[in-house]
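Descriptive structure summary
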Amino acid sequence: MWLGQLLGAAWLGMAALNWLSRGALLGGIYGRPVVFANTALYFISALVILRAVSRAPSVTGLWVLAVPAVALAGVYSWLLYRGPFEKELATRRGG
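The structure reproduced in this document is the subject of the present report. A quick note: this is a predicted structure, and the numbers were derived from the prediction, not measured.

1. Examining the packing of helix 1 (residues 2-20) against helix 2 (residues 32-55)
Axes are the key here: two packed helices are described by the angle between their axes and the distance separating the axes. Between helix 1 and helix 2, the least distance of the axes is 10 Å, while the angle of their chain directions is 145°. With respect to the hand of their crossing, helix 1 and helix 2 are arranged in left-handed fashion. Contact with helix 1, carried on its side by W11, M14, L17 and N18, involves V34, A37, N38, L41 and Y42 of helix 2 and no other residues of that element.

Here's what the structure looks like:
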C-alpha cells in the first residue's frame, strides 16, 4: 500500500510541475528542468513497461501503456534538444 502512495505522490508532483509551468516556453534552454523531468519520467516508465512486456508477452494490456510511454519519451527527448520555434519567441516578445 505504501508503494502505491509513493507512486501517487510522484505523479502528483509531476502534475503540479507541469501545471505551474504551463505558460512557459519549452525547448532548448527554456524550461529545461520541466522538459528533463518529463523525459526522465516517460523514458524510465517506457523501459520498465517494455521489460515487463518482454517477460510476459502474453499480457497485451501492457502494450496499451507501453506505446504512449515510448511516444512521450521520444517527444520530450526531441523537445529537450530543440529550441523554441521562432513563432513562439515572436509571440513572447509581443511582435
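2. Regarding the packing of helix 2 against helix 3 (residues 61-81)
Between helix 2 and helix 3, the shortest axis-to-axis distance is 8 Å and the interhelical angle comes to 150°. Considering the angle they form, helix 2 stands roughly antiparallel to helix 3. Note on packing geometry: the crossing formed by helix 2 with helix 3 is left-handed. In this structure, helix 2 uses R32, V35, F36, N38, T39, Y42, F43, A46, I49, L50, A52 and V53 to contact helix 3, whose residues at the interface are L62, W63, L65, A66, A69, V70, L72, A73, Y76, S77, L79 and L80. When grouped by side-chain class, the residues that make up the contact of helix 2 with helix 3 number 20 nonpolar, three polar and one charged.

Thresholds, definitions, all that
Counting restarts for each chain: residues are numbered from 1 in the order of the written sequence. For this predicted model, a pLDDT threshold of at least 70 governs which residues receive local features, and a threshold of 80 or more governs which side-chain atom pairs are given and counted, while totals over whole chains, interfaces and linings are taken from all residues. The side-chain values count all of the structure's non-hydrogen atoms but skip hydrogen atoms and water molecules. Structural elements are reduced to axes, namely lines fitted to C-alpha atoms, with helices fitted over the stretch in contact, and the angle between N-to-C directions of any two is expressed from 0 to 180 degrees. Here a strand is any run of E in DSSP of at least two residues, a helix any run of H or I of at least four, and the numbering for each starts at the N terminus. Note on convention: near helix rotated counterclockwise from far helix by under a right angle means a left-handed crossing. Clockwise means right-handed. Residue contacts are counted whenever heavy atoms from the two residues lie within 4.5 Å of one another. Throughout, the term roughly parallel applies to angles under 35 degrees, roughly antiparallel to angles over 145, roughly perpendicular to angles from 65 to 115, and oblique to all others. Any residue outside Ala, Val, Leu, Ile, Met, Phe, Trp, Tyr, Cys, Pro, Asp, Glu, Lys and Arg is labelled polar, Gly included; the first ten of those are nonpolar and the last four are charged.

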